[in-house]
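# What the coordinates show
Each chain, letter by letter, is given below.
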Amino acid sequence: MEKFSVLKLVVSVVVIMALGAAGGIVTITQITTWYAQLNKPFFNPPNSIFAPVWTFLYASMGVSFYLLWNSPVCFL
């Protein structure tokens, strides 16, 4: 593994977060229409939990992208 690079880590996380935000912007109008009307199961988590969970998932994907980018055999 190469030397730790803060710049690469920040770029990796920001790019992945931006892609996630773009997907959210495209689908935000659907939340109040068909998604709100779905019959959800009893174990469906509350809406307030989705933002922190998705943020954590996308940040984790950004770190994974950094590890891939920083690996000795990088295909990027």
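This text goes with the structure placed above it.
All chains use their own residue numbering, which begins from 1 and follows the written sequence. In view of the model being predicted, local features appear only for residues whose pLDDT reaches at least 70, and side-chain atom pairs are presented and counted only at 80 or more, with totals across whole chains, interfaces and linings using the full set of residues. Working from all heavy atoms in the structure, the side-chain values ignore hydrogens and water.

This next bit is on the overall build of the protein chain. Going along the chain from the N terminus, every DSSP run of H or I of four or more residues is numbered as a helix, and every run of E of two or more is numbered as a strand. Each helix and strand counted, the protein chain has two helices and zero strands in total. By its C-alpha atoms, the protein chain is 50 × 25 × 20 Å across when sized along the principal axes. For the protein chain, with 76 residues in total, the buried portion stands at 9%. Contacts are assigned to residue pairs with any non-hydrogen atoms lying within 4.5 Å of each other. The long-range fraction of contacts in the protein chain, counting pairs at least 24 apart against all pairs at least 6 apart in sequence, stands at 84%. Throughout, the Shrake-Rupley method with a 1.4 Å probe supplies accessible areas, and for residues the shown protein chains are the sole cover considered. With the model as given, the accessible surface of the protein chain reaches about 6100 Å², and the carbon-plus-sulfur share is 77%. Categorising residues by exposure relies on relative accessible area from a 1.4 Å probe, with only protein chains included: less than 20% of the type maximum marks a residue as buried, more than 50% marks it as exposed, and the intermediate range marks it as partly exposed.

On to the environment of valine 15, then. As for its placement among the helices and strands, valine 15 is situated in helix α1 (residues 6-35). In this structure the C-alpha to C-alpha distance between valine 15 and glycine 62, which are 47 residues apart in sequence, comes to 7.5 Å.

To continue, consider the side chain of serine 71. Note that serine 71 resides in the segment after α2 (50-69). Here a polar contact is taken to be a pair of N or O atoms separated by no more than 3.5 Å, where protein atoms must pair a possible hydrogen donor with a possible acceptor and residues adjacent in sequence count only if both atoms sit in side chains. From its side chain, serine 71 meets the backbone oxygen of leucine 68 in a polar contact 2.8 Å long.

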